[in-house]
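Next come the chains, spelled out residue by residue.
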Amino acid sequence: MRQRLNKALGPVAFVLVLLTVWLGLFVTPPDVDQGELVRLVYIHPALAWVALYVAFGMAALCSVLYLWPRTRSMVFDYLAAAAVEVGVVFTILTLITGSIWGRPTWGVWWTWDARLTSTALLGVLFLGYLALRRVPADPHVRARRCAVAALFAAVDVPIVHFSVLWWQTLHQGATVLNSNLTPTIHGSMAWTLLLSFVAFTLVFVWMVIARYRIEVIRVAGQDVALEAAIASRRAEGVPS
Amino acid sequence: MWRDAWLVAGRDLRIEARSRVALWQVLPFAILVLFLFAFSFGPQRSQLANSAPGLFWLALLFSTVLFAQRSRALEGSPATRESTRLLGLDPAGVFLGKMMALSVELVLLEILLILGVIFLFHVVVVSWLILVSSCLLAALGLSAVSVLYGALSGESRMRATLLPVLMLPIAAPVLIAGVRSFQAALEHGAGLGGRWVGVLAVFSVVYSALGIGLYGALEEN
């Protein structure tokens, strides 16, 4: 049952992304102010949602679960690593799509806006986490260090979220989850936006599961290779 | 905890005083950075004076990475950590001790850099209170981050390249708040500077608390 769900997840996510693209490009109307440029709203916020809240939130949660002695398990370390890897990809895509939107809107590919800068910093922090994972160490020592590093980096997530309120620079405030909880988007545009959030979240889940399974196979492969090496050394016999 | 902290701080400072690595390597590096910045900006006095706060804090951050490497190298060998454990030293005390030793070194570096900035970049400090308080708090915060990330990066040969990647993004708030408070110290905007000194204080308290709580877990094998 679980395997069937895993197999179905990829195609379902793919179809939902295609549906989002079709609705976003051909069904929803252009915006009164932004014109055709508004179509990026069906990709950019969903990517940011996955990167900032889902991926790095999951990484922080798994890190806490690893550090907590009662729930300590390598499963949480692998899941945190998978979430960060995919999260970094989504962060880079968020910055690229934001930059594409920024060029015609603000007149520049990049500006030192608080939201942009703190998001880029978050990406660099989690790139540091990935670099730390590649340092040779005992798996449990590495898992502990990475869990702490993930928690330190996750401190930046609320800063990114509230940056538009604290500094009020160029980046607009929240369209749906604003302080009054009154969405400023309606009709087919709102539904397509909602669909994009679901579609990209499913893409994220599918990628994390795939990355987690690769890690499990890689670790199992390492153990098998080690056992084979020991067996072959023993087979050589002890010289008299 | 405090007894262990004083013991470790004394040990680290004695090693530094005897080896003189900080004196002959880190301090000249910091001054060199100031000179290189001045070369890149050219000799215009006004441009150098305007850039002085940023240059001061960048020189301090880059030098802090060297201090962090050095501080970790003192603790790094398995034999040192084994003897620390055998002595029954409290990990929180070891963290605080290393942090205190590093803070002293950073304060000395800040004094040298302030003199360098005044002499080379022709700045006039209006509010010494803002400047001194921001430098002291930044030294505490940066030393806490240095000791923590030194422990995180472990004993691998990759530490030299890994530590700046891990540490510098975390130190970004110190850079921003430090530059703003330095600017306030140069102008008559001491009120605004107070807010940024507050940011530095929060940063120092948060990372000191995290270090006291987590250093033991990071040093476990």
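Residues numbered from 1 in each chain as written. Chains lettered and ligands numbered in written order. Predicted model: local features only at pLDDT ≥ 70, side-chain atom pairs only at ≥ 80, totals over all residues. Heavy atoms only, no water.

Asker: What should I look at first to understand the overall build of chain A in this one?
Answerer: Looking only at helices and strands, one finds seven helices and zero strands in chain A. When the helices and strands of chain A are read in sequence order from the N terminus, they spell out α-α-α-α-α-α-α. Considered along the principal axes of its C-alpha atoms, chain A spans approximately 90 × 40 × 35 Å. Partitioning the intrachain contacts of chain A with sequence separation of at least 6 by distance along the chain shows that 75% fall at a separation of at least 24. Here chain A contributes 18 positively and 12 negatively charged side chains, and the mean placements of these two sets differ by 8 Å. (Helix = DSSP H or I, 4+ residues; strand = E, 2+ residues; numbered from the N terminus. Contact = heavy atoms within 4.5 Å. Lys, Arg positive; Asp, Glu negative; His and termini not counted. Charge placed at Lys NZ, Arg CZ, Asp CG, Glu CD.)

Asker: Help me out: how do you make sense of the packing of aromatic side chains in this one?
Answerer: Each aromatic ring pair is characterised by the separation of its centres together with the angle its planes make. Residue and element names in this part refer to chain A. For the coordinates displayed, the defined rule picks out 15 aromatic pairs over all chains. Both rings, one in Phe-56 and one in Phe-126, keep their centres 3.9 Å apart while their planes meet at 0°; by these two values the pair is stacked. Of this pair, Phe-56 sits in helix α2 (residues 44-67) while Phe-126 sits in helix α4 (residues 114-133), and the two are 70 residues apart along the sequence. The class of Phe-56 is buried, set by a relative accessible area of 1%. (Phe/Tyr/Trp six-rings, centres within 6.5 Å; stacked < 30°, edge-to-face > 60°. Buried < 20%, exposed > 50% of the residue type's maximum accessible area, 1.4 Å probe, protein only.)

Asker: Help me understand the environment of B:Pro43, please; the structure alone is not making it clear to me.
Answerer: With respect to the helices, strands and loops of the structure, B:Pro43 is situated in the loop between α2 (21-41) and α3 (45-76). Given the relative accessible area of 74%, B:Pro43 is considered exposed.

Asker: Looking at this structure, how should I read the state of the cysteines?
Answerer: Note: disulfide means a covalent bond formed between the sulfur atoms of two cysteine side chains. Residues and elements named next belong to chain A. Enumeration over the complete set of coordinates arrives at zero disulfides over all chains. Cys-146 takes part in no disulfide bond, and the closest cysteine sulfur to it belongs to Cys-62, at a distance of 13 Å. Using a relative accessible area of 0% as the deciding quantity, one classes Cys-146 as buried. (Disulfide = S-S within 2.5 Å.)

Asker: Looking at this model, I keep getting lost on the UniProt feature "transmembrane region" (unreviewed entry) in chain A. Mind explaining?
Answerer: Mapped onto this structure's residue numbering, the UniProt feature "transmembrane region" (unreviewed entry) falls at residues 9-27, 47-68, 75-96, 116-135, 147-168 and 188-209 of chain A. What you have in residues 116-135 of chain A is 90% helix and 0% strand, and the ends, taken at the C-alpha atoms, are 29 Å apart. (UniProt positions renumbered as here; feature names shortened; annotations may be inferred.)

Asker: Can you walk me through the environment of B:Leu7 in this structure?
Answerer: Residue position: B:Leu7 is located in helix α1 (residues 2-19). Residues B:Leu7 and B:Gly93 lie 86 residues apart in sequence; the distance between their C-alpha atoms is 8.8 Å.

Asker: Sorry, what's going on with the interface of chain A and chain B here?
Answerer: Listed as interface residues are 16 residues of chain A and, on the opposing side, 21 residues of chain B. Buried surface at the junction of chain A and chain B, summed over both partners, amounts to about 1,600 Å²; 76% is from carbon and sulfur atoms. For the pair chain A and chain B, the number of links is zero salt bridges. At the surface where chain A touches chain B, the tally comes to zero residue pairs in polar contact (both at pLDDT 80 or more). Among the secondary structure elements, those contributing two or more residues to the side of chain A that touches chain B are α4 and α5 (139-154) of chain A. Looking at the side of chain A that touches chain B, the element that brings in the most residues is α4(A), giving seven residues. (Buried area = accessible area lost by both parts, 1.4 Å probe. Salt bridge = Lys/Arg side-chain N within 4 Å of Asp/Glu carboxyl O. Polar contact = N/O pair within 3.5 Å; in protein donor to acceptor, adjacent residues only side chain to side chain.)

Asker: Can you help me understand the packing of helix α6 (residues 128-153) of chain B against helix α8 (residues 172-186) of chain B in this one?
Answerer: Relative orientation and spacing of two packed helices are given, respectively, by the angle between their axes and the distance between those axes. Residue and element names in this part refer to chain B. One can describe the packing of α6 onto α8 by two numbers: an axis separation of 9 Å at closest approach and a directional angle of 165°. On the basis of their axis angle, the class for α6 and α8 is roughly antiparallel. Crossing angle aside, the handedness with which α6 passes α8 is left-handed. Between α6 and α8, the residues in contact are Ile-130, Leu-131, Ser-134, Ala-138 and Leu-142 and Val-174, Ser-181, Phe-182 and Ala-185, respectively. (Axes fitted to C-alpha atoms, helices over the stretch in contact; angles between N-to-C directions. Parallel < 35°, antiparallel > 145°, perpendicular 65-115°, else oblique. Left-handed = near helix turned anticlockwise from the far one by under 90°.)

Asker: For this particular structure, what's the right way to read the pattern of salt bridges?
Answerer: Any two side chains of opposite charge can pair, given that their charged atoms come close. A full pass over the atoms with the stated rule returns nine salt bridges over all chains. For A:Glu85, the salt bridge identified is with A:Arg134, shortest N-O distance 3.7 Å. In this pair, A:Glu85 is assigned in helix α3 (residues 74-106) and A:Arg134 in the loop between α4 and α5, connecting sequence segments 49 residues apart. The closest approach of N and O atoms between B:Asp12 and B:Arg11, which form a salt bridge, is 2.8 Å. B:Asp12 sits in the buried class, given a relative accessible area of 2%. Of the residues examined, B:Arg11 reaches a relative accessible area of 23% and is grouped as partly exposed. Three or more residues are tied together by salt bridges with common partners; here these are A:Glu85, A:Arg134, A:Arg211, A:Glu215 and A:Arg218.

Asker: Help me understand the confidence of the model for chain B in this model?
Answerer: Interpreting fine coordinate detail is not advised for predicted regions of low pLDDT. Summarising the model, chain B shows a mean pLDDT of 85, and 96% of its residues fall at 70 or more. The secondary-structure element of chain B with the lowest mean pLDDT is helix α4 (residues 78-86) of chain B, recorded at 76, while helix α5 (residues 91-121) of chain B shows the highest, at 91. (pLDDT = per-residue confidence, 0-100.)

Asker: It is not clear to me how the UniProt feature "transmembrane region" (unreviewed entry) in chain B should be interpreted in this structure. Could you clarify?
Answerer: Residue and element names in this part refer to chain B. As recorded in UniProt, the feature "transmembrane region" (unreviewed entry) lies at residues 21-42, 48-68, 106-124, 130-150, 162-182 and 194-218. Measuring from the first to the last C-alpha atom of residues 21-42 gives 31 Å, for a span that is 95% helix and 0% strand. Helix makes up 100% of residues 130-150 and strand 0%, with an end-to-end C-alpha separation of 29 Å.

Asker: How should I be thinking about the side chain of B:Ser71 in this particular structure?
Answerer: By the element assignment, B:Ser71 lies in helix α3. Aside from chain neighbours lying at most four places away, what touches B:Ser71 is B:Lys98 and B:Leu102.

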